[in-house]
Amino acid sequence: MDLSDSPEDAEFRARLREWLAKALPALPPKPSPDDWPARRAYDLGWQRTLYEAGYADVHWEAPPGLRLIFLEETERAGAPYVGAGFVGLLHAGPTIAAEGTAEQRARWLPPVLRGEEVWCQGFSEPDAGSDLAALRTRARRDGDDYVVSGSKIWTSHAEVADWCELLVRTDPRAPRHRGITWLAMPMDAPGVTVRPLRTLAGSTEFAEVFLDEVRVPVANRVGAENDGWRVTMVTLSFERGTAFVGEVVACRRVLGELAGRARGDGRWDDPVLRRRLGRLNAEFRALWRLTQWNVSEAQTVRGGVPGVGGSVFKLRYSQARQELYDTAAEVLGDAALDLGHPWVRDRLSSLSYTIAAGTSQIQRDIVGERILGLPKGR
């Protein structure tokens with residue numbers, strides 16, 4: 001597979017670099033990390049800027065080569081991350097684009113692209129752990145509505161979200177994976193209560209969400225009733241296969257900064273540290289190539305939906321990210337205890353990556369069963 005830029009890719013890269021050089025200096029100052037309404041406004045403002053410049057739909061409509069170039073160049077230039085738009089742009093939006101009706105795509109996709117609406121993810125539940133199919137939030141049909149009761153946890157960006165991609169159990173008598181339905185729930189519906197959760201790093205991007213007889217229109221169902229597990233696999237394919245792509249570029253940038261700092265303070269003379277940095281450089285270069293392959297394979301073979309190769313990527317990336325920031329702590333020395341340093345905050349955040357988007361244990365099961373053909377555990 002030729003992974004070098006085609007002439008069209010090279011032209012797109014040059015044009016994007018030129019635009020970023022003009023657009024980024026005009027951005028307002030970044031808000032406080034704890035001010036989520038301000039962060040929402042900032043993130044959506046950047047998305048509107050992308051939309052007006054013709055780059056908003058790169059995550060969905062652009063060919064795979066252009067999509068990766070966009071992520072690579074925006075990260076290298078220090079452009080804002082998707083932030084509060086993470087779920088809408090990288091999870092819910094691609095799922096609706098792949099599985100939604102024409103009416104659903106027309107209703108929900110343009111506001112995400114224009115930077116007008118934020119989505120959150122209502123998958124995990126307090127008593128289910130990493131077993132997503134054990135969810136117990138119930139939805140009973142009442143005319144043209146589902147009436148939903150239950151609770152969700154680790155709901156990303158819930159306190160500033162307009163919509164929630166919600167998994168509910170619509171047939172409690174069916175086998176676990178066959179009684180689940182994927183709904184789009186308005187977060188301002190009566191009966192929705194959001195309680196932010198504070199992480200180890202002090203941030204509040206997650207929340208508990210409590211649902212008390214919340215009415216969700218049947219028209220908001222993506223896919224058929226009780227077919228939500230299949231639709232969810234599409235969502236998770238995007239989450240594991242493409243949502244972390246920009247972060248790989250960010251890790252490669254941090255790795256270069258680590259090497260520069262080590263050279264500046266004399267730690268570069270430690271051969272053990274140099275070997276660790278060299279191995280991590282090889283790790284992230286390989287992960288970037290794997291990303292290119294996964295995205296290209298998804299576009300040419302699977303109609304844009306990533307395959308199980310995303311689990312291979314997610315499994316290794318989670319561990320490599322933790323190793324990167326453990327190495328950063330070694331380079332920082334005493335400063336590794338300073339919570340004001342971004343590497344220290346990222347180190348704390350990295351601890352969650354072997355859990356988020358499916359635990360490493362779940363990813364190993366997927367790789368073993370679906371790629372290696374090993375028998376399922378009993």
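Residues numbered from 1 in each chain as written. Predicted model: local features only at pLDDT ≥ 70, side-chain atom pairs only at ≥ 80, totals over all residues. Heavy atoms only, no water.

S.K.: Mind showing me how you'd approach the overall build of the protein chain here?
M.R.: Within the protein chain, the secondary structure is distributed over 11 helices and eight strands. Each of the 378 residues in the protein chain was classed as buried or not, and the buried ones make up 52%. Expressed as a percentage of contacts within the protein chain between residues at least 6 apart in sequence, the contacts between residues at least 24 apart total 73%. (Helix = DSSP H or I, 4+ residues; strand = E, 2+ residues; numbered from the N terminus. Buried < 20%, exposed > 50% of the residue type's maximum accessible area, 1.4 Å probe, protein only. Contact = heavy atoms within 4.5 Å.)

S.K.: When you look at the pattern of salt bridges in this model, what are you seeing that I'm missing?
M.R.: As a working rule, side chains carrying opposite charge can pair if their charged atoms are close by. What the rule picks out here adds up to 27 salt bridges. With a shortest N-O distance of 4.0 Å, E73 and R76 are connected by a salt bridge. Pair noted here: E73 and R76 are both in helix α3 (residues 64-76), with a separation of three residues, about one helical turn. For K152, the salt bridge is made with E125, and the minimal N-O distance between the two is 2.9 Å. Highlighted residues: K152 in strand β3 (residues 145-152) and E125 in the loop between β1 (119-122) and β2 (138-142), separated in sequence by 27 residues. For the pair K152 and E125, a shared accessibility class is recorded, and that class is buried. Here the residues in one salt-bridge network are R13, R17, E72, E73 and R76, joined through shared partners. (Salt bridge = Lys/Arg side-chain N within 4 Å of Asp/Glu carboxyl O.)

S.K.: I tried to follow the environment of T170 on my own but got confused; where do I start?
M.R.: Following the sequence through the fold, T170 ends up in the loop between β4 (163-169) and β5 (180-186). Looking at T170, the relative accessible area reads 14%, which means it is buried. Along the chain, T170 and R136 lie 34 residues apart, while their C-alpha atoms are 9.6 Å from each other.

S.K.: Please clarify how the nonpolar core should be interpreted in this entry.
M.R.: Across soluble globular proteins, nonpolar side chains show a tendency to be buried alongside one another. In terms of nonpolar packing, the biggest core is built from 28 residues, with I96, W108, W119, L167 and W182 touching the most fellow members. For this core, the leading source of residues is helix α4 (residues 86-99), giving six residues. The next biggest cluster of nonpolar side chains, apart from the first, holds 27 residues, and it includes A259, A320, A329 and W343. (Core = buried A, V, L, I, M, F, W, Y, C linked by side-chain atoms within 4.5 Å.)

S.K.: Teacher, can you tell me more about the pairing of β4 here?
M.R.: As a general feature of sheets, a regular strand has side chains that alternate between the two faces. With seven of seven residues buried, β4 is to be regarded as a mostly interior element. Side chains W163, E165, L167 and R169 project from β4 onto one buried face, and the interleaved C164, L166 and V168 project onto a second face that is buried too. Here β1 runs beside β4; their pairing, made up of four bridges, is parallel. Bridge assignment links Q121 to a residue of β4, and that residue is E165. (Pairing = 2+ DSSP bridges.)

S.K.: I keep staring at the packing of aromatic side chains and nothing clicks. Help me out?
M.R.: For any two aromatic rings, the description comes down to two numbers: the centre-to-centre distance and the angle of the planes. Enumeration over the complete set of coordinates arrives at nine aromatic pairs. Judged by centre distance (5.2 Å) and plane angle (50°), the ring pair of W19 and Y55 falls under tilted. Here W19, found in helix α1 (residues 7-23), pairs with Y55, found in the loop between α2 (36-53) and α3; they are 36 residues apart in sequence, far enough to count as distant. An identical accessibility class is assigned to W19 and Y55; each is buried. Here W119 and W163 contribute two aromatic rings whose centre-to-centre distance is 5.9 Å and whose plane-to-plane angle is 25°, an arrangement assigned as stacked. Of this pair, W119 sits in strand β1 while W163 sits in strand β4; the two residues are 44 residues apart in sequence, bridging distant segments of the chain. W163 shares its class with W119; the two are buried. (Phe/Tyr/Trp six-rings, centres within 6.5 Å; stacked < 30°, edge-to-face > 60°.)

S.K.: Can you help me understand the packing of α4 against helix α5 (residues 102-113) in this one?
M.R.: The relative placement of two packed helices comes down to the angle between their axes together with the axis-to-axis distance. Two elements in contact, α4 and α5, have axes whose closest approach is 10 Å; the angle formed by their N-to-C orientations is 160°. Here α4 lies roughly antiparallel to α5, going by the angle between them. Handedness of the α4/α5 crossing: left-handed. Facing G88, L89, G93, I96 and A97 of α4, the residues of α5 in contact are Q104, R105, W108, L109, V112 and L113. Residue composition of the contact of α4 with α5, grouped by class: seven nonpolar, three polar and one charged. (Axes fitted to C-alpha atoms, helices over the stretch in contact; angles between N-to-C directions. Parallel < 35°, antiparallel > 145°, perpendicular 65-115°, else oblique. Left-handed = near helix turned anticlockwise from the far one by under 90°. Nonpolar A, V, L, I, M, F, W, Y, C, P; charged D, E, K, R; others polar.)

S.K.: How should I be thinking about helix α10 (residues 342-350) in this particular structure?
M.R.: Working note: α-helix, 3.6 residues per turn, so residues spaced by three or four point in the same direction. Taken residue by residue, α10 has W343, V344 and S350 as its buried positions. The buried residues of α10 occupy an angular sector of 120° when projected down its axis, which confines them to one face. (Arc of directions from axis to C-beta.)

S.K.: Got a minute to help me understand the side chain of E75 in this structure?
M.R.: Along the chain, E75 turns up in helix α3. E75 sits in the buried class, given a relative accessible area of 16%. Those residues in contact with E75 that lie beyond four places of it in its chain are G246, V249, A250 and R253.

S.K.: Sorry, what's going on with empty space enclosed by the protein here?
M.R.: A probe as big as a water molecule, rolled over the atoms, marks out the empty space that is left. If you walk through the whole model with that rule in mind, you get one cavity of 30 Å³ or more. In this model, the largest cavity occupies a volume close to 90 Å³. For the largest cavity, the lining is made up of 15 residues, of which L44, Q47, V82, G85 and L89 are closest to its centre. For the lining of the largest cavity, the elements supplying multiple residues, two or more each, are α2 and α4. Considering each element in turn, the lining of the largest cavity owes the most residues, five residues, to α2. In terms of residue class, the lining of the largest cavity is built from nine nonpolar, four polar and two charged. (1 Å grid on protein atoms, 1.4 Å probe; cavity = no way out; pocket = protein on both sides within 12 Å on 5 of 7 lines; lining within 4 Å. Points joined across faces, edges and corners; volume = space filled by probe spheres on them.)

S.K.: In this structure, what is going on with α4? I would like to understand it.
M.R.: Spanning 14 residues, α4 covers 19 Å between terminal C-alpha atoms, matching the ideal 20 Å at 1.5 Å per step. If you look at α4, its biggest bend is around 40°, right at A92, and the proline P94 turns up within four residues after that. The element α4 is largely enclosed, with a buried count of 11 among its 14 residues. Among all positions in α4, only F86, V87, G88, L89, L90, H91, A92, G93, P94, T95 and I96 are buried. (Expected span 1.5 Å × (residues − 1). Bend = angle between axes of the 7 residues up to and from the residue.)

Geometric values such as these leave the question of function open.
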